[in-house]
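Commentary on secondary and tertiary structure
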Amino acid sequence: VYSVDIGIDAELEVTARVLELILTTRILDSVREELGASYGGSAILVPTRRPRESVDTSISVDGDPDRLDTILATIDAQIAALVNDGPNADEFDRATAVLSNEYDFVNNGVYLQMLLDGAHFPDADLLVPFNRSGLLRELRRSDVRELATVLFPNDQRIEVLRTTS
């Protein structure tokens, strides 16, 4: 778990979602497919405005208890690669295509959330159906790398390991 205080705006929300998709794919590819040490895993990045503006990141992997050190080292290596090099062109293109498809779907829940956010944060730069596709088109790989650098500071995380017997 990582938690970083950072100003939240619509651009950050788009960037965080792309980073989340890329990191989840890297976890699945490296831990599940390459190591064969897990059935799955995910990263969840949650930008919040209350009680303080921050992004909380949770990475979850169900894996072989005898290989936890290897799993953790693999995840650390993937995060370090994103911080140092950013996403490659292929994974960036795939993540933005997935998010573009998500943004194409608008329902009442999306509009309700927009209205609630507008009421709670009237002066905030909010992510809404009217700006999100444009922000996604403007996003660059370097933006994702820069956010990873801020959200994943070296050795500033909480690790929770749970095993069953």
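Residues numbered from 1 in each chain as written. Predicted model: local features only at pLDDT ≥ 70, side-chain atom pairs only at ≥ 80, totals over all residues. Heavy atoms only, no water.

1. Looking at the sheet that holds strand 3 (residues 54-63)
Cut-off, in case you're wondering: Criterion used throughout: strands pair if DSSP finds at least two bridges between them. Strands are runs of DSSP state E lasting at least two residues, helices are runs of H or I lasting at least four, and both sets are numbered from the N terminus onward. To get an axis, a line is fitted to the C-alpha atoms, and for a helix only the part in contact is used. The angle between two axes follows their N-to-C directions and goes from 0 to 180 degrees.
Here 3 strands make up an open sheet; going across it, the order is 1-3-2 and the pairing antiparallel. One side of each edge strand has no neighbouring strand; the edge strands of this open sheet are strand 1 (2-5) and strand 2 (38-48). Averaged over all pairs of adjacent strands, the angle between strand axes in this sheet comes to 10 degrees, irrespective of strand direction. As paired elements, strand 1 and strand 3 share 4 bridges and run antiparallel to each other. Of the residues in strand 3, the one forming a bridge with Asp5 is Ser54.

2. Quick look at the packing of aromatic side chains
Our working definition: Between the rings of Phe, Tyr and Trp (Trp by its six-membered ring), a pair exists once the centres lie within 6.5 Å; its type follows the angle of the planes, with under 30 degrees stacked, over 60 edge-to-face, and the other angles tilted. Whether a residue is buried, partly exposed or exposed follows from its accessible area with a 1.4 Å probe, protein chains only, as a fraction of its type maximum: under 20%, in between, or over 50%, in that order. Two limits define a charge over a ring: the Lys NZ or Arg CZ must be within 6 Å of the ring centre, and within 35 degrees of the ring normal.
With the rule as written, the count across this model stands at 1 aromatic pair. For the pair Tyr2 and Phe152, a centre-to-centre distance of 5.0 Å together with 75 degrees between the ring planes defines the contact as edge-to-face. Linking Tyr2 in strand 1 with Phe152 in the segment after helix 6 (141-151), this pair joins segments that are 150 residues apart in sequence. Exposure remark for Tyr2: the relative accessible area of 6% places this residue in the buried category. Between Arg49 and the ring centre of Phe121, over which it is positioned, the NZ or CZ distance is 5.6 Å.

3. With respect to the pattern of salt bridges
When charged atoms on two side chains of opposite charge get close, those side chains can pair. To be explicit about the condition: Any carboxyl oxygen of Asp or Glu that lies within 4 Å of a side-chain nitrogen of Lys or Arg is treated as forming a salt bridge with it.
The tally for this structure, following the rule as stated, stands at 7 salt bridges. Of the charged contacts in the structure, one is a salt bridge between Glu20 and Arg17, with a shortest N-O distance of 2.3 Å. With Glu20 and Arg17 both in helix 1 (residues 10-34), this residue pair falls 3 residues apart, about one helical turn. Among the residues examined, Arg17 registers a relative accessible area of 23% and is labelled partly exposed. Salt-bridge contacts for Arg94 lead to Asp90; the nearest nitrogen and oxygen are separated by 3.1 Å. A residue pair is termed a helical-turn pair when its members lie 3 or 4 positions apart in one helix, as Arg94 and Asp90 do in helix 3 (residues 89-104) at 4 residues. When its relative accessible area of 40% is taken as the criterion, Arg94 is described as partly exposed. By relative accessible area, which is 46% here, Asp90 ends up partly exposed.

4. Looking at the environment of Pro65
Positionally, Pro65 belongs in the loop between strand 3 and helix 2 (68-85). As a C-alpha pair, Pro65 and Ser38 span 27 residues in sequence and 9.7 Å in three-dimensional space.

5. What about the environment of Leu147?
Cut-off, in case you're wondering: In what follows, a contact means two residues having at least one pair of non-hydrogen atoms within 4.5 Å.
Mapped onto the elements, Leu147 comes out in helix 6. The exposure class of Leu147 is buried, given its relative accessible area of 7%. Placed 128 residues apart in sequence, Leu147 and Leu19 show a C-alpha to C-alpha distance of 8.1 Å. Not counting residues within four places of it along the chain, the set of residues in contact with Leu147 comprises Ile6, Leu12, Thr15, Ala16 and Leu19.

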